Structure formats: C-alpha cells, structure tokens
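Below are the chains, spelled out letter by letter.
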Amino acid sequence: MGRKTELHDSVFGEPRRFDPTFKGPIHSRHCTDVLCCVLFIAVILGYIALGVIAWVHGDPRKVVYPTDSRGQFCGQKGTANENKTILFYFNILKCASPAVLINLQCPTKQVCVEKCPNRFARYSDMKSAFSWNKTYWEYYRQFCQPGFNTPRKSAVQVIRDEDCPAMIVPSRPFLRRCFPDFTTKNGILTVANRTTFKDGFGKTRNVTDLRDAANKVTTIRHGSKRGINHVLDAREIWMKIFEDYTNSWYWILIGLVIAMVVSLVFILLLRFTAGVLFWFVIFAVIAVIGYGIWHCYWEYSSLKGKPGSDIPIYDIGFQMDLRVYLQLRQTWLTFMIFLCIIEVIIILMLIFLRKRICIAIALLREGSKAIGYIMSTLFYPIITFFLLAICISYWAITAIFLSTSGEAVYKVMTNRGHCIYANRTCNPETFNTSNITKLCPGAQCAFAFYGGESVYHKYIFILQICNLFVFLWLVNFAIALGQCTLAGAFASYYWAFKKPADIPSFPLLAAFGRSLRYHTGSLAFGSLILAIIQLIRIILEYLDNKLKGAQNKFAKFLFCCLKCCFWCLEKFIKFLNRNAYIMIAIYGKNFCTSAKEAFFLLMRNVVRVAVLDKVTDFLLLLGKLLIVGGVGVLAFFFFTHRISIVVDEAPSLNYYWVPLVTVIFASYLIAHGFFSVYAMCVDTLFLCFCASGKATCNNATCHTTFRLMGVKQIFFQFPNENTPCAKTLKKGTRTKKPIWQPPVNVRCRTVTPGSARL
C-alpha cells in the first residue's frame, strides 16, 4: 500500500518543501514568457495596423445604404440622393430570373426614391393621359431616371432605354427597398386587394409572380430558404418586439437593479451566515421546484375536458403568443416531467453528497470572509466587461470595414436570350457607346457588388480569419488577466496570519499590477493555446454547416467526433489555465511550469478536486438559480398584471415574454458576474490549501501550515491522509481543543522532504 502511494506521488511530481517564512504571493518577481509577450505586443500592433488599413479601404455606407444601378448610395448626405433613402426596382418581375442567383443582382434598373409607390400604374396609361392630366405624370416621374422630365419618347423606347418603369405596384419599404405590399385575406395572397394586375405590356399577371420575384431578391440577403413572406412576417414581429421594449425598458432596468442588489446582499450575507444561507438556498430551491410540480399538475388537471386542450403541441406549431401553449395539457405535462427530473436529481445529490456539501460550505464560508475583507473584488468584473466590450467593438468594426473594402464592380446583365458578354465586367461611362448594346439588345451595365483585383482584395477572407483569431486571443487574455488578478488578491488573504492586519493594502490593485507587469507573456501564452482551439472549433462548425446537405455518413460521423473532441479539449484547457493562473499569481513562475505544478497538485488531490469543485459549483449554481428565479417570478407577475398594487403601472405589451426573457437573461448575467468572483475565490483558497497542506511542519509552524481554520476539516473527510501535520491536527481534535491551535502534548516532528505527501 505504501509502495503504491509512493509510485503515485512520483508520477505526479514531488511536493513543494514547506517554507515557514512564505507569506503569500511573492513580490520579488521577474518577467515570465518574454518571447510570448513580445509576440503578443507585435500581434496587437499588427491588429491595429489591420484596423487602419480596413478603415482606409472600407466604407460602412455599403452596409447601411442600398446602392442604385450607377453605384450611388441611397440616402447619402451631401449628394442628390440625400432625401432618396429607398431603392426602387423598375421591373421587379425580372428578379425572378435565374441571373439573380448567379450574379447576386436583379437584372433591372434600380433607382433611389423618396417613397415607394402606393398604387398600380402603367407608363402607357400615364402617357395617354399626359395631354390632359399632368398630375398623373408628376406622380409617375419620381420613379424614373433622374433627368427624364417629359414623356416625349414612345413607350417602347422608354421601356427599351429604361428611362422609366413600365409599371409600378403598391409597395412598402423594407430593408430600405420597395417590395410589393402583400397581404393575405382568407388564405388568398393579394396586393392592394387585388389578385391580378396588368404588366407594362398589357399582359395579365398574378400577384404570385410578384411574390416569386420578391423571394429571389430576399434570397440574396437572407439565404435560399427564406422568402419575402417570411421576411415581412419577421419584420412585423420585430416591430412589435421593438414596441414592447420601448414601453417596458424602464421596468426592465428596475428589474436588473433589483437583481444586482439581491446578488450583492446575498454575497454579503454569506460572510456571516454561509452555512445557514446555503442550506436555506438548497431547501428553497427544492420547495420552489416542488411548488412548480404541484402547479403544473393542478393546471394539467383543470384543463381536462376543455375543448382543444388535448391537441398535441406538434400540431400547433410555433406561435409568438405563448399563452396558446398554456391552454394545452401536454404543455403542463411536459413541464411537470421536467421539474420532477430536476427535483429527483437534486434530492439524490443531497443524499449521497451530504458530507461533501458540508465541507464545501466550510470552504465557501472562508471564501465569504475573503470577499468580505477585499470587497473591491466584487466590482472587478466591471473592468473585465469593459475590456471585453472594447475587444468586441473593435472586432465588429474591423470586420465591417473589411467586408466593405472594395470598389464598385459593374457587370453586363441581360435577360433577353443569350449574350456572349453576359456577366462580364463593364464601365458604365463608356457602356452606351460600346458594341455590346448592339450585339445584346436590352443589355445594361449595372452595379453588381463591391470587390477588386488587387492583392489586398484577394486576401480579404484571410484577413477576416486573422481578425477573428486575434479577437479570440484578446478576449481570452482579458479573462485570464481577471482570473490572475483575483487569484493574487485572494492568495494574499490566505497567507495573512492575522486577518485583516496582515492583509496588504490594496491587494486587488497590487495583484493587477503584478499580473500586467510581470506575467503578460504567461497570460498571453495560455490565451493563445485556448484561442487556437476555439478557432479550430469555429472552422469545424463552418465546414459542418456547409456540408449539411451532403449524404456522406462517414463525413458526418467524422465531423461529429472532431467537434466533440475539441469541445472536451477546450473545457480541459480552460480548467488547466485557470489553475495555472492561480499558481502564477502565487509563485510568479512561467506558464508551463505553473501549469505543470497545478496539474500535478490537482492530480495528487484528485478526489478533493472532483468532489469539492463540482459540489461548490452546484451550490453556487443553486444560488444563481434562486436569484434569477425570484426576479423572474416577480417580473412574470408584474408584466402579466397579476400584482394588484401596481396593476395600473404595468405596461401594455404585445408579447409579455419579451421583457420577461430579457430580465431573466440579464439577471443571470449579473448574478454570474458576482458569483464568478466567488468561484474564483474558492478555487484560489482551495489550491492554496492543497499547496500548503502538503508541506511538513515543526512545533512552531504546525498550525500555520493550515491557514484556514474552517477548511482544515477537509483533511479528516478523505482517506489516506498520512501527513504528519494532518495526524497532529486529527489528534488535536480528539482532545477537543480549538481546531485552529496545535495540541500542547503532541510533538510534531520535522519530516524529510518527499515523505509527507497528499
């Protein structure tokens, strides 16, 4: 048995020799992973240069404003189109041509207009009435080419030269473009209450032709599986959601303030009543879930026999009004089964892990004391949030400028038979004088897209990948900096013998300075490894999405295995990096050494890590769920007008779930921000405890080896703990002496290095 333990220890390295003079994170440090630090700074400078280049070549107006056939922006200030913010298609029926999917551009003239047409009209009818009614022309001319002021030319010439549209149909603006104003009455598609119309050549057409053409236009922007009806319905839904946000934003902010206050109060109460409060949280969650089970059963029983209540959810389909689902018995049965499963899981965990939960609560109690002494750590997530906001904003802006880095490319477009010049680039200034118009009647030189033939334009996609990779690196670095900073602050608390007298001044600021000054390279190293893995996962997701239509079962299986493996690898690297940053904050070594020591230390305490880490995460999750659930229930009763005191103050909403989901999601983020500090505190104290608990001791320092009085009992809950200090402390507890003092009648001998291991 002893030989097996010795072999186990040798595999996972030798324990650190106990140093009675060690008082926490060392102050005499040197820069670590300098090469990676230099590389990181060079990448940041290159990232800035990439942003500058993208800013010089890019033009976000290409995303904001639509572009007419001459390559001019609609609604651009300082131009003739300043007041013309909407793009109008001369003949949207041509958009049904297959050329739309090939050239990503509708083969018809496109001009900027102030507003969309609101009536059916034809150019031939307008020309016939021009001699006696010029108001007809005044309305029609706003949809013609700029400069075409009088209808002197024949209708055939005008349509051939595309000076004016052959017809106009009632439309409404969407995505700054005029689309036919479709409505459905009794299941029949109509436009302005009409199912048919006459095109510019007098041919009777069905409004479904307009729908097919509009679907091709929306295909360019939204993918081949989405049509105009889907997009317009989504637009109406989003307008209602926006209206709900407009009416309820004030109450949403109040809900978030309540969540923040409750989270802060919860953390503060943990300092004084950690044990009682966590047991209260556990039983409160069980009680709330139990009430939910009873309520679901009551609703399920009350709906029995009601007409339509037995309809399956599958037959209902997706409905924006969630109250429709609440009228179905199957909905409440599903909720009840789900809550029963959660309830059983929690109860079983309490039964089998009750002792471990007691130990975890002792560790959480010490974490509460540490946070109570260093209250500034609760507000450090604001700095991390600020850094992440900068990274996300810079990445998004750079991506937009890169995607709009290009010059206007014009191509020959025609839908009249075969043309040898079709889809070739052209110059709009010389197109009318070229032979193309003679060889290909009806052809036009229209704006197609933004691009270029230079080296820069050819490698736009590669630059986008670089932009994404550096973004992932910076985001992981910001998170790593926060973890190392918090670890340094809480480690200062752990090694303070007399608390709070021995805790250094401004421990959080000092830890932040040490992390940034000495360990930027180490943090960048760990972040680089994680960023590479995340980039590979994104590429796998991209390839998997592209190959979804493939029927190769082996390829699907291979991608599934790769995605699963890299997901597990990312989780492991995150866990290892987190503990490596703690060791860096304490001992100031480089990333590889710290990661190795952290890994060996955790493996020597694998039982504690596996149990306590997950149990503490479980307890913190229950705390977050209690806060989010409480705020969510309060928001539900408020937005559904079920609180009689403030029933008149509650806003009238289209979808009450819009502010409700927003409050719940944002409350979880707020609670997670506070509890992430708590989790980092517990992990740091636990790792410090494992690092100090494995050392040898002597008469003077036996009780200083275990700095946390409440956590010392962890030694007594796991088997095979044969270190001299552990034995001494166990004997001390049998004499019923204070748990934090060494026994007087027991002599703690000094042990040779390596003989006392965990």
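About the thresholds
- Residues numbered from 1 in each chain as written.
- Predicted model: local features only at pLDDT ≥ 70, side-chain atom pairs only at ≥ 80, totals over all residues.
- Heavy atoms only, no water.
- Patch = residues over 30% accessible without salt bridge, like charges linked within 9 Å, V, L, I, M, F, W, Y side chains within 5 Å.
- Areas by Shrake-Rupley, 256 points an atom, 1.4 Å probe, with all protein chains shown as cover.
- Salt bridge = Lys/Arg side-chain N within 4 Å of Asp/Glu carboxyl O.
- Helix = DSSP H or I, 4+ residues; strand = E, 2+ residues; numbered from the N terminus.
- Disulfide = S-S within 2.5 Å.
- Buried < 20%, exposed > 50% of the residue type's maximum accessible area, 1.4 Å probe, protein only.
- Phe/Tyr/Trp six-rings, centres within 6.5 Å; stacked < 30°, edge-to-face > 60°.
- Lys NZ or Arg CZ within 6 Å of the ring centre and 35° of its normal.
- Core = buried A, V, L, I, M, F, W, Y, C linked by side-chain atoms within 4.5 Å.
- Contact = heavy atoms within 4.5 Å.
- Axes fitted to C-alpha atoms, helices over the stretch in contact; angles between N-to-C directions.
- Parallel < 35°, antiparallel > 145°, perpendicular 65-115°, else oblique.

Undergrad: Any chance you could explain a nonpolar patch on the surface here in plain terms?
TA: On the surface, a nonpolar cluster with roughly 630 Å² of combined accessible area is contributed by Trp-249, Tyr-250, Leu-253, Ile-254, Ile-258, Val-262 and Leu-634. Sort the elements by how many residues they give to the nonpolar patch and helix α9 (residues 228-302) lands first, with 6 residues. Here Tyr-250 lies in helix α9.

Undergrad: What is the right way to look at the state of the cysteines in this model?
TA: What we call a disulfide is simply a covalent bond connecting the sulfur atoms of a pair of cysteines. Under the criterion given, the structure shown has 3 disulfides. The side chain of Cys-74 participates in a disulfide bridge whose partner is Cys-112; the two sulfur atoms lie 1.9 Å from each other. Classification of the bridge connecting Cys-74 and Cys-112 rests on its S-S torsion, roughly -75 degrees, and on that basis the disulfide is left-handed. With Cys-74 in the loop between α3 (61-64) and β1 (86-89) and Cys-112 in strand β2 (residues 110-113), the pair connects residues that are 38 residues apart, well separated along the chain. By relative accessible area, Cys-74 is classed as buried at 0%. A relative accessible area of 6% means that Cys-112 is categorised as buried.

Undergrad: Explain the packing of aromatic side chains to me, please; I cannot follow it from the model alone.
TA: To describe a pair of aromatic rings, one takes the distance between the centres and the angle between the planes. What the rule picks out here adds up to 27 aromatic pairs. Of the aromatic side chains, those joined through ring pairs into one cluster are Trp-249, Tyr-250, Trp-251, Phe-638 and Phe-639. Cation over ring: Arg-119 sits above Tyr-139, and NZ or CZ is 3.8 Å from the ring centre. The residue whose ring lies beneath Arg-329 is Tyr-300, and the NZ or CZ to ring-centre distance is 4.0 Å.

Undergrad: Before we go on, may I ask you to explain the nonpolar core in this structure?
TA: Side chains of nonpolar character tend, in soluble globular proteins, to be buried together. Counting residues in hydrophobic clusters, the biggest one holds 103 residues, and the most contacted among them are Ile-267, Phe-278, Ile-346, Phe-490, Leu-619 and Tyr-678. Sort the elements by how many residues they give to this core and helix α16 (residues 460-494) lands first, with 19 residues. Leave out the neighbours within four places in its chain, and Ile-267 touches Ile-371, Leu-378, Phe-674, Phe-675 and Tyr-678.

Undergrad: How do you make sense of the pattern of salt bridges when you look at a structure like this?
TA: Pairing between side chains of opposite charge can happen when the charged atoms of each approach one another. Within this structure, the stated rule accounts for 8 salt bridges. For the salt bridge of Arg-141 with Glu-138, the shortest nitrogen-to-oxygen distance reads 3.5 Å. We note a salt bridge from Lys-589 to Glu-597, for which the minimum N-O separation is 3.1 Å. Among the charged side chains, a network of salt bridges with common partners joins Arg-537, Glu-570 and Lys-574.

Undergrad: Help me out: how do you make sense of the packing of helix α19 (residues 553-587) against helix α20 (residues 591-604) in this one?
TA: The packing of two helices is summarised by the inter-axis angle and the distance between the axes. Following both chains from N to C, one finds α19 and α20 inclined at 105 degrees, their axes separated by 8 Å at the closest point. Taken together, the axes of α19 and α20 lie roughly perpendicular to each other. Each of Phe-572, Phe-575, Leu-576, Asn-577, Asn-579, Ala-580, Tyr-581, Met-583 and Ile-584 in α19 lies in contact with α20, whose residues at this interface are Phe-591, Ser-594, Ala-595, Glu-597, Ala-598, Phe-599 and Leu-602.

Undergrad: Honestly, unusual backbone geometry in this entry has me stumped. Any pointers?
TA: A negative phi angle is the norm for most residues apart from glycine, just as the trans form is the norm for most peptide bonds. Positive phi is not limited to glycine here, since Asp-33 has a value of about 50 degrees. Tracing the chain through its elements places Asp-33 in the loop between α1 (2-11) and α2 (34-57). Phi is positive for Phe-506, close to 50 degrees, though the residue is something other than glycine. For Phe-506, a relative accessible area of 66% corresponds to the exposed category.

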